Amino acid sequence: MQLITTKGITAPQGFLASGIHCGLKKNNLKLDLALIYSTVPATAAGVYTKNKVKGAPIYITKDHLSNKKAQAIIINSGNANTCNGDDGLVKAKRMTEIQARALKLKTGDVLVASTGVIGIPLNIDAIKNGIPMLTDRLSKDGFNDAATAIMTTDTYKKQLSLEFTIDNKKITIGAMAKGSGMIEPNMGTMLSFLTTDLNISGELLHEALKESTKISYNRVSVDGDTSTNDMMLILANGLANNKTIKEKDSNYYLFLKALNKVNIALAKMIAKDGEGASKLIECIAYNCKSAKDAEILSKGVINSPLVKTAMFGSDANWGRILCALGYSGVNIDPNKIDLTFESSVDKIDVCKSGMGLSFDEVKAKEILLQDEITIHINMNDGNFSSTAWGCDLSYDYVKINGDYRS
């Protein structure tokens, strides 16, 4: 299973994509409308934000997915279509109706997603006028434009693909995602879209998506804010012609392994591209009493503003990590904790049995100056582990979010 970063959402058989500028973003050089299309009907599944305030597209998409089938996804950036009351619901539904007509599909076969500023009425006329061009530009090569069109404050496209074999048939997964700020998913992700030519039942596709979400996007945090529009969707069109996966057999778990690999890679891309971020922080909590404890502890560390700022300053201030573990809500024994910092250049032990070690500050600084840092936390209190991903907290985070609507 090798990840391929030169391909994206159209890598599997039967998938096309496109992206255009329709006028939702002020800068006419920025793409703001994307389309993913399967040439044949597909099994589909989704997971969504747990925020009580939800974007209108979530309600429409969940309704359209009630039969676990779909053939297209239309996505806009620049406007979240959230907190717009009935007007938002009408316009989200209208997006699917117009796109369905252009593709000669049933409205219920089109899903919709939005991302951008909250509380601004959606310019549905711009989208309506853009859909003919969006549809005409569908192609195998459209994955780059589609991945670009869903970006907001992202600094680069997040896309990849993966190939593996089931029943001597080549199976491909394609993916693209967006996310840079307002990120503490607690569900699936910011916006993430996956395609595959695998043949699998709707029930097991949804089950695999939920399971994969738990160990990937649900362990990412940039700033602790859960977005109103988080959505993750997957389409499986069956064109690989493998025997339909209808039970949790070896083929199901092979698919789940591949799905995990894709989603963890995307989750790490999102964490590394946190607004204003200069470093990816990976925190591994191990030898914990339970899996839940391990998850809470690892996420608690990457969410700590003081830990994040210490990482930005390349300061081996390990006391901030113990502090974060202490207020996590998990019943811990501070006297058992060992801490290690690691990066591509080296690793260094800074704490043993809850007490500071004498370490080389210059070496520690060199380790923490790298753009990918791993914090190892040995709780010495059990057999469970968890990995979480986050980023440092820089001056630019405040600058970006201080004038987000400008």
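Model, not experiment: these values are computed from the prediction.

1. Some remarks on the overall build of the chain
In terms of helices and strands, the chain carries 11 helices and 15 strands. Relative to its 406 residues, the chain shows a buried fraction of 56%. Considering only intrachain contacts with a sequence separation of at least 6, the fraction spanning at least 24 residues in the chain is 81%. For the chain, the exposed area adds up to about 16600 Å²; of that, 50% sits on carbon and sulfur atoms. Counting 47 positive and 43 negative side-chain charges, the chain places the centres of these two groups 6 Å from one another.

2. Let's talk about the packing of aromatic side chains
Scanning the model with the defined rule gives one aromatic pair in all. Ring centres 5.1 Å apart and planes at 85° place the aromatic pair Y252 and Y253 in the edge-to-face group. Positioned above the aromatic ring of Y156 is the side chain of K158, whose terminal nitrogen or guanidinium carbon lies 4.7 Å from the ring centre.

3. Concerning the pairing of strand β14 (residues 372–378)
In terms of burial, β14 is largely enclosed, as six of its seven residues are buried. Pairing geometry for strand β10 (residues 280–288) and β14, over seven bridges, is parallel. Counterpart to L280 in the pairing with β14 is E372. Of the strand pairs in this sheet, strand β11 (residues 338–342) and β14 are connected by five bridges, and their pairing is antiparallel.

4. With respect to helix α2 (residues 85–103)
Taking 1.5 Å of rise per residue, 19 residues should cover 27 Å, and α2 covers 28 Å from first to last C-alpha, within 8% of that figure. Residues of α2 that are buried include every one of G88, K91, A92, M95, T96, I98, Q99, A100 and L103, and no others. One or two positions beyond α2, positive phi appears at K104, with a value near 60°.

5. Notes on the pattern of salt bridges
Enumeration according to the criterion identifies 10 salt bridges in this entry. One salt bridge in this structure joins K170 and E163, with 3.9 Å as the shortest N-O distance. Residue E211 is joined to K214 by a salt bridge in which the shortest nitrogen-to-oxygen separation is 3.2 Å. Separated by three residues within a single helix, E211 and K214 lie in helix α5 (residues 202–214), roughly one turn from each other. The class for K214 is partly exposed, based on a relative accessible area of 45%. One salt-bridge network, in which partners are shared between bridges, spans E207, K210 and K248.

6. Regarding the sheet that holds strand β12 (residues 347–352)
Strands sit in the order β13-β12-β11-β14-β10-β15 across an open sheet of six strands; the sheet is mixed. Edge positions in the sheet fall to β13 (355–356) and β15 (384–391), since each of these pairs with one other strand and no more. Packed onto the sheet, helix α6 (residues 250–272) meets β10, β14 and β15 and runs at close to 40° relative to β15.

7. Section: the side chain of N237
As for its position among the elements, N237 is in the loop between β9 (231–236) and α6. Here the side chain of N237 touches L239 through a polar contact of 3.1 Å, landing on its backbone nitrogen. In contact with N237, not counting residues within four places along its chain, are Q13, G14, F15, S38, V40, P41, A42, T196, D197 and L198.

8. Examining the packing of α2 against helix α3 (residues 124–136)
Direction vectors running N to C along α2 and α3 enclose 25°, while the axes themselves pass 10 Å from each other. Classified by the angle their axes make, α2 and α3 are roughly parallel. Note that α2 runs across α3; the crossing there is right-handed. In contact with K91, R94, M95, I98, Q99, A102 and L103 of α2, α3 contributes I124, I127, K128, I131, L134 and T135. Classifying every residue of the contact of α2 with α3 by side-chain character gives eight nonpolar, two polar and three charged.

9. Quick look at the packing of α5 against α6
In the contact formed by α5 and α6, the axes pass within 9 Å of each other and the chain directions differ by 45°. Taken as axis vectors, α5 and α6 run oblique relative to one another. Judged by the sense of rotation from one axis to the other, the crossing of α5 with α6 is right-handed. Contact residues: α5 offers L204, L205, E207, A208, L209, E211 and S212, while α6 offers Y252, F255, L256, L259, N260 and N263. Among the residues forming the contact of α5 with α6, the class breakdown is eight nonpolar, three polar and two charged.

10. As for the confidence of the model for the chain
Per-residue confidence for the chain gives a mean pLDDT of 90, with 91% of residues at or over 70. In this model, residues 181–189 is a region of pLDDT below 50 whose contacts with residues beyond four sequence positions or in other chains number 51 contacts.

Conventions and cut-offs
Residues numbered from 1 in each chain as written. Predicted model: local features only at pLDDT ≥ 70, side-chain atom pairs only at ≥ 80, totals over all residues. Heavy atoms only, no water. Helix = DSSP H or I, 4+ residues; strand = E, 2+ residues; numbered from the N terminus. Buried < 20%, exposed > 50% of the residue type's maximum accessible area, 1.4 Å probe, protein only. Contact = heavy atoms within 4.5 Å. Areas by Shrake-Rupley, 256 points an atom, 1.4 Å probe, with all protein chains shown as cover. Lys, Arg positive; Asp, Glu negative; His and termini not counted. Charge placed at Lys NZ, Arg CZ, Asp CG, Glu CD. Phe/Tyr/Trp six-rings, centres within 6.5 Å; stacked < 30°, edge-to-face > 60°. Lys NZ or Arg CZ within 6 Å of the ring centre and 35° of its normal. Pairing = 2+ DSSP bridges. Expected span 1.5 Å × (residues − 1). Salt bridge = Lys/Arg side-chain N within 4 Å of Asp/Glu carboxyl O. Axes fitted to C-alpha atoms, helices over the stretch in contact; angles between N-to-C directions. Polar contact = N/O pair within 3.5 Å; in protein donor to acceptor, adjacent residues only side chain to side chain. Parallel < 35°, antiparallel > 145°, perpendicular 65-115°, else oblique. Left-handed = near helix turned anticlockwise from the far one by under 90°. Nonpolar A, V, L, I, M, F, W, Y, C, P; charged D, E, K, R; others polar. pLDDT = per-residue confidence, 0-100.

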